[in-house]
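Now for the letters of each chain:
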Amino acid sequence: MSGSARGVLAGYVGTMVVLVIANFALPGLHLVLWSAIGFASVAGILLGVYLHRPRRRAPWLLLAAAVACFITGDLAADVLTRLLHRPGFPSVADAFYLTVYALIAAALIWLYRLGVVRRDPAGLFDAITLTAGLGLLSYIFLIRPYVENENLSALERTISIAYPLADMVVLLVGARLIASVRFNTAIALLAAGGIGLLSSDVGYGLRQLAGDWSTGGPVDIGWAGFYVLWGVAALHPSMRQLTEPKVQRGGDERLGRLLSLGLSLFIAPIVLFVEMRGGRVRDAAAIAAVSALLSGLVLLRLGRAVRAQRLTVQRERRLRSAGAALLMATDEEAVARTVRDAVAELLPPGRSHAVALGPALGDKVSMPYTSAVDPEVAGALGDFEVTLCCPLALADGRDAERALYIAADEVMLVGLQDVAQILATQAAMALERIALGEEIGRRNSEAYFRTLVLNTTDVILIVGADDLVRYASPSAQALFGSDLVGTALPSAFAGGSAVEVGRRLHEVRTGGADRPGEDLRVTGADGRPALVEATFRDLRDEPTVRGLVVTLRDVTERSRLQAELYQRATFDALTKLPNREVFLTRVQEAVASGAETGATVGVLIVELDDFKVVNDTFGHGAGDALLVAVGQRLTEALRAVDGSYGAAGTVARLGGDEFAALVRRAGTPGDVERVAERVLRSFQAPFGLAHGTVTATASIGVATTAEAASAQDLLRHADLAVYVAKDAGRDRWRRYESSLHSAVVERHKLRADLDRAIADKAFLLHFQPIVTLADDRTRGFEALVRWNHPTRGMVPPDEFISVAEESGLIVPLGAWVLTNAITAAAQWRIAYPGEEVYVSVNVSARQFRSPDFAQWVLAEIDRMGLPPGALLLEMTESLLLHDDGEVAAELAALRQAGVRIAIDDFGTGFSSLSYLRRLPVDVLKLDKSFIDTVVSSTEQHAVVNMIVQLARLLKLQVVAEGIETPAERELLVSMGCDHGQGYLFSRPLSYGDASQWLSDDASGPQRRGRTAA
């Protein structure tokens, strides 16, 4: 306490003593002297707030207001009774008195809520217990008499009851504060003053009931003490501690506290005993209520004790977990992270907080203001006003240099103090362990690095001023075959690398930066060449080195792997040709060069025709071999025209069966076209593979810089051109023209129209008769789909079937054809039971592989009542020859049910006739290309005759397609061909015409040689 503050306190106490003595000695001056005592108390409280400047002033200002209201009430009562001779009860003085208790309760609650106290629920229960016991006495002696007094008005009774009730509230709040806050002088003075206030209130109430109340008696002593002591409490320096953050320690229960609680618990039984001895228990209800309340409070206190024990166990478990994590920490950041996680678990979930490690403020736990700690730590803690500082102290007594800082709500910090100090000690031990480990590591570093240098595969050399090697690590022997000590370093390298080494040594020695170039070449210990990566450093100023340090690393294997990776990234693994990315780069370079020189650049996109048939027929191994052979032939073809029509460029494989060729520096676009013709002719010779000889054709798209300005445009144009070449019949080349784009757009429009037509079922089904060649009797019909477009007219099947295949629309279209063909055959069977005609339907590979195709077909013929043998499914050789377990299962299901299978366009694919022995087929359909020249060509005659004879041996039926002349028919009959179809007999017929055809056939006359319109 400073001298001035001590003087003010002494002057206040002396003045108040004089005023109190004079008040009791001079009753005639009571009004003046008593008012002086009250207002002096108010002045003392305000002066104490001004002098000591507590962190929170509001509670003290409320106490000053309460004292002011109290003395104002006394002054008003004295004026009314002494000067005006009017009744002092009830009056305005009572309003001031009752306001006093509200202000005192608010001030004490505010002090409690500031966070400087322990949140001790047991203290609340104890305060309620004490208040309940005393409240019972207050009820019996002060409240009940007023309640039972019929001479009092309602207002007088209410005010009289309010006084003891207000005393109980102040008692409860005061007891709660005293039970929770650390006891000091200011608290003792406030408690003593409060006891004086409550004691005088009780005395006043009893004297009022007795009817002998008068001012200036012994009752006034308590109020005088209230005035004096609260002023002294405000003037005493300890008043600041009530609103300052401080460390609170939870101690054992004090004997006085336990004694007061015990006495409170016995009040109700004692009252009950006294009243029973008096012969009448008047307050049974109040005694029962208080007893029940006290019993409940005891149970709650026990429950809180159990909960506190459980919380302690949880915190111990979390501390053990944090200790285990700290044992695993390897650096200060890991320690800080573990401490942060532990604090987050120790605090209630969701509470805002901050944790930091920083310089210690002392050797004891403290709660400083955040603004008073190290600025860097304060910045990490944020806007919290108060922080908890726990020194990282060890058990050996050394001063703590660092501390754990935790910023949060003050109440949370008070409850966290003990466990935080334990956590800080664990963190200190972890940091000490890490520091010791680092020290041990530093002490072992020299031996560690010595071992590292001696055993590393990198070569470490120290070179002197004369370029001689002064030191070489043992790994130099493995790389060079010698230790190099005493050897001029450049001489250890091969060829131009020796000059490069000399240059770099000179640059580093003259203060320049080491500029690594390409890898250096040396001759290895076994005479093999090796590549090394070198680093040069100038350490001549290092006392332990005093030379240039050269580090060499053998990168021979790495360079080999890099070259291999580059090869894989830029070249096709199968054909060894450049891939798409490399080809695009070279096209870009050629276009840029052509733009400068005016030369024409061309790109050829080459796609194999029916490459999938090769895979399906001979297997993927043969397909891969064919791709390799095609790549070689394309390369030879471009090399053959090099210089004639321009410079041969890159041949690349773009993917799958698609290749590309670059023609650089051609004179005109026509030169590029001649290259395309030469490439196309190169496919005329068959390819000799290990699997046999294969004939392959290609479609080629050509684009030149005459129509394209960039590499991307060239490739896009060539893609469009090859698409048109395939659509035009394959085995040809097409050069990009602007009209091609329109053709592609037109094809897409055709696809959209086809999609709508399938949805609208806007198709027609025609039937071409299949007859017995010997007698022209109709044996069946081939179902042929037709599309009458609303604007294009009749679209040829060759146009829309290919679009349907590409888009997948062939599946719903094929389903429509099959359904209507089966329906027509079933109706013919009913209308012409003697004819027993069948219907033949083409099935595409995609349609056949649709889910549950066989089951769907069998369900359709069963639904229409058509015998399975009356349905013939035509499919290509590639579908039948493909080794596909799913396809085989579907075929087996169909044939087992009785559906017949035919090979359509037999002989035009890659099939071998020997396969017919194992194929699940019943009918061979000879393609029209065989029939067209069977009369004029002896070779074709021999081929057709061989196929017919082989089919007869294998018990297969043969149907010849495209018969147009009697000579062709007669020749086929002589060979033994069973059936045929073509314009010689009939063009495709509508359903009605086909029905009429059957009707005429059933009537008896034969139509040999007749052609239906």
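Calculation rules
Residues numbered from 1 in each chain as written. Predicted model: local features only at pLDDT ≥ 70, side-chain atom pairs only at ≥ 80, totals over all residues. Heavy atoms only, no water. Helix = DSSP H or I, 4+ residues; strand = E, 2+ residues; numbered from the N terminus. Contact = heavy atoms within 4.5 Å. Areas by Shrake-Rupley, 256 points an atom, 1.4 Å probe, with all protein chains shown as cover. Disulfide = S-S within 2.5 Å. Buried < 20%, exposed > 50% of the residue type's maximum accessible area, 1.4 Å probe, protein only. Phe/Tyr/Trp six-rings, centres within 6.5 Å; stacked < 30°, edge-to-face > 60°. Lys NZ or Arg CZ within 6 Å of the ring centre and 35° of its normal. Expected span 1.5 Å × (residues − 1). Core = buried A, V, L, I, M, F, W, Y, C linked by side-chain atoms within 4.5 Å. Pairing = 2+ DSSP bridges. Axes fitted to C-alpha atoms, helices over the stretch in contact; angles between N-to-C directions. Salt bridge = Lys/Arg side-chain N within 4 Å of Asp/Glu carboxyl O.

Trainee: In this structure, what is going on with the overall build of the chain? I would like to understand it.
Mentor: In terms of regular secondary structure, the chain is built from 32 helices and 24 strands. Put simply, 68% of the contacts in the chain that link residues at least 6 apart link residues at least 24 apart. For the chain, the computed accessible surface area is about 48,600 Å², with 58% contributed by carbon and sulfur atoms.

Trainee: Explanation requested: the state of the cysteines in the structure shown.
Mentor: The term disulfide refers to a covalent linkage connecting the sulfur atoms of a pair of cysteines. The full count for this structure, using the stated rule, is 0 disulfides. You can see C390 has no disulfide; the closest cysteine sulfur is in C389, sitting 6.8 Å from it. Note on C390: relative accessible area 0%, which makes it buried.

Trainee: Hey, could you run me through the packing of aromatic side chains in this one?
Mentor: The geometry of an aromatic ring pair comes down to the distance between the two centres and the angle between the two planes. The final tally for this structure, using the stated rule, is 15 aromatic pairs. Taken together, a centroid distance of 6.1 Å and an interplanar angle of 75° make the contact between F480 and F493 edge-to-face. Residue F480 is found in helix α14 (residues 475–480), and its partner F493 is found in the loop between α14 and α15 (496–509); the two are separated by 13 residues along the sequence. Judged by its relative accessible area of 8%, F493 falls in the buried class. Relative to W816, the ring of F763 lies with its centre 6.0 Å away and its plane at 50°, an arrangement referred to as tilted. One end of the pair, F763, is in the loop between α22 (738–760) and β16 (764–772); the other, W816, is in helix α24 (residues 810–831), and 53 residues separate them in sequence. Under the relative-accessibility criterion, W816 is labelled buried at 17%. Site record: aromatic cluster; members linked through ring pairs are W34, F70, W223, F226, Y227 and W230. For R53, the ring lying beneath its charged end belongs to Y50, and the centroid distance is 5.0 Å. Across from the ring centre of Y838, 4.5 Å away, lies the NZ or CZ of R900, which sits over that ring.

Trainee: I would appreciate a short explanation of helix α21 (residues 711–727) in the present structure.
Mentor: In an α-helix, one turn spans 3.6 residues, which is why side chains three or four residues apart end up on the same side. If you check α21, its first and last C-alpha atoms are 25 Å apart, about what 17 residues at 1.5 Å a residue would give, namely 24 Å. For α21, every residue scored as buried is listed here: A711, L714, L715, H717, A718, L720, A721, V722, V724 and A725. A positive backbone phi angle near 130° is found at G729, which sits one or two residues after α21.

Trainee: So what exactly am I meant to see when it comes to unusual backbone geometry here?
Mentor: Negative phi is the rule for most residues except glycine; trans is the rule for most peptide bonds. A positive phi is found at D467, a non-glycine position, where the angle reads about 65°. Positive phi, normally seen in glycine, also occurs at R546, with a value near 55°. Among the structural elements, R546 can be located in the loop between β7 (529–539) and β8 (547–554).

Trainee: Can you help me understand the side chain of S995 in this one?
Mentor: Within the secondary structure layout, S995 lies in helix α32 (residues 991–1002). The buried category is assigned to S995, whose relative accessible area is 14%.

Trainee: Just to check I follow, could you spell out the nonpolar core for this structure?
Mentor: What tends to happen in soluble globular proteins is that the nonpolar side chains get buried as a cluster. Counting 80 residues, the largest nonpolar core has L754, F763, W828, L871 and L873 as its most contacted members. The biggest single contributor to this core is α24, with 11 residues. Dropping the residues within four chain positions of it, L871 is found in contact with L818, I822, V839, V841, V857, I861, V899 and R900.

Trainee: Got a minute to help me understand the sheet that holds β7 in this structure?
Mentor: Each strand in a sheet pairs with its neighbour through backbone hydrogen bonds, running either in the same direction (parallel) or in the opposite one (antiparallel). Spatially, 5 strands are ordered β5-β4-β8-β7-β6 in an open sheet, and the strand pairing comes out antiparallel. Every other strand in the sheet has two partners, leaving β5 (469–472) and β6 (520–523) as the edge strands with one partner each. Each strand of the sheet is rotated relative to its neighbour by a mean of 35°, with strand direction disregarded.

Trainee: Can you help me understand the pattern of salt bridges in this one?
Mentor: Pairing between side chains of opposite charge can happen when the charged atoms of each approach one another. Scanning the model with the defined rule gives 28 salt bridges in all. When the shortest N-O distance is used, the salt bridge between D514 and R504 registers 3.0 Å. A residue pair is termed long-range when its members are at least 10 positions apart, and D514 in the loop between α15 and β6 and R504 in helix α15 qualify at 10 residues. Judged by its relative accessible area of 1%, R504 falls in the buried class. Across the pair R735 and E707 runs a salt bridge whose closest N-O atoms are separated by 2.2 Å. With R735 in strand β15 (residues 733–735) and E707 in the loop between β14 (698–704) and α21, the pair connects residues that are 28 residues apart, well separated along the chain. Judged by relative accessible area, which is 28%, E707 ranks as partly exposed. By sharing partners, the salt bridges in this structure join E782, E874, K925 and E961 into a single network.

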